[in-house]
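Residues per chain, in single letters:
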Amino acid sequence: QLQLVESGGGLVQPGGSLTLSCAASGDILDDYAIGWFRQAPGKEREGVSVITKRHSIDYADSVKGRFLILRDNVKNTFSLQMNSLKPEDTAVYSCAAADIDQPSGYYLYYGMKYWGKGTTVTVSS
């Protein structure tokens, strides 16, 4: 069964950058849709960015132009490059994957089947 482990969270100042990574084991990520999600304190989970099984990429409106999702099929990993970070980006970020084919909007709203445990990103001065 696919297992996911995030890394790269931490404290960053507003306007700064941070890259999160997700390492997969147990299966080949190339066969999966992948994504990043976040949950801020007291708020519901939010889909941040996904790559579908058909290689379509989508972002939440709140991060468009600032975040970049990338996958590395050789290393069986994927990442989320976050730039121009804002205090409202503070959240626990989780990587996820799905083995069924759905549109990007479906994943962003409903989430995916396999989840990492999450890594905390704090944007503060």
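Residues numbered from 1 in each chain as written. Predicted model: local features only at pLDDT ≥ 70, side-chain atom pairs only at ≥ 80, totals over all residues. Heavy atoms only, no water.

S.K.: Can you tell me about the pattern of salt bridges, naming the residues and giving the values?
M.R.: Counted by the stated rule, this structure contains 5 salt bridges. Here Asp61 ties to Lys64 by a salt bridge, and the two come within 3.2 Å at their closest N and O atoms. Accessibility expressed as a relative area gives 65% for Asp61, which makes it exposed. The class of Lys64 is partly exposed, set by a relative accessible area of 47%. With a closest N to O distance of 2.7 Å, Arg66 and Asp89 form a salt bridge. Here the residue Arg66 occupies a position in the loop between β6 (57–59) and β7 (67–72), and Asp89 occupies one in the loop between β8 (77–82) and β9 (91–98), the gap between them amounting to 23 residues. (Salt bridge = Lys/Arg side-chain N within 4 Å of Asp/Glu carboxyl O. Buried < 20%, exposed > 50% of the residue type's maximum accessible area, 1.4 Å probe, protein only. Helix = DSSP H or I, 4+ residues; strand = E, 2+ residues; numbered from the N terminus.)

S.K.: Give me the pairing of β8: which residues, what numbers.
M.R.: In this sheet, β8 lies alongside strand β3 (residues 18–25) in antiparallel orientation, the contact comprising 6 bridges. Note on β8: the bridge partner recorded for Leu20 is Leu80. In this sheet, β8 lies alongside β7 in antiparallel orientation, the contact comprising 6 bridges. The partner of Arg71 across the bridge, within β8, is Phe78. Linking two consecutive strands that pair antiparallel, namely β7 and β8, is a turn of 4 residues; a positive phi of about 60° is found at Asn76 within it. (Pairing = 2+ DSSP bridges.)

S.K.: Quick rundown of the nonpolar core? Include the residues and the values.
M.R.: Grouped together as the largest cluster of nonpolar side chains are 30 residues, with contacts concentrated most on Trp36, Leu80, Met82 and Tyr93. Mapped onto this core, the elements with two or more residues apiece are β3, β4 (33–39), β5 (46–51), β7, β8, β9 and β11 (119–123). Not counting chain neighbours up to four residues away, the residues in contact with Leu80 comprise Leu18, Thr19, Leu20, Trp36, Val48, Ser49, Phe67, Leu68, Ile69 and Tyr93. The next biggest cluster of nonpolar side chains, apart from the first, holds 8 residues, and it includes Ala33, Val50, Ala98 and Met112. (Core = buried A, V, L, I, M, F, W, Y, C linked by side-chain atoms within 4.5 Å. Contact = heavy atoms within 4.5 Å.)

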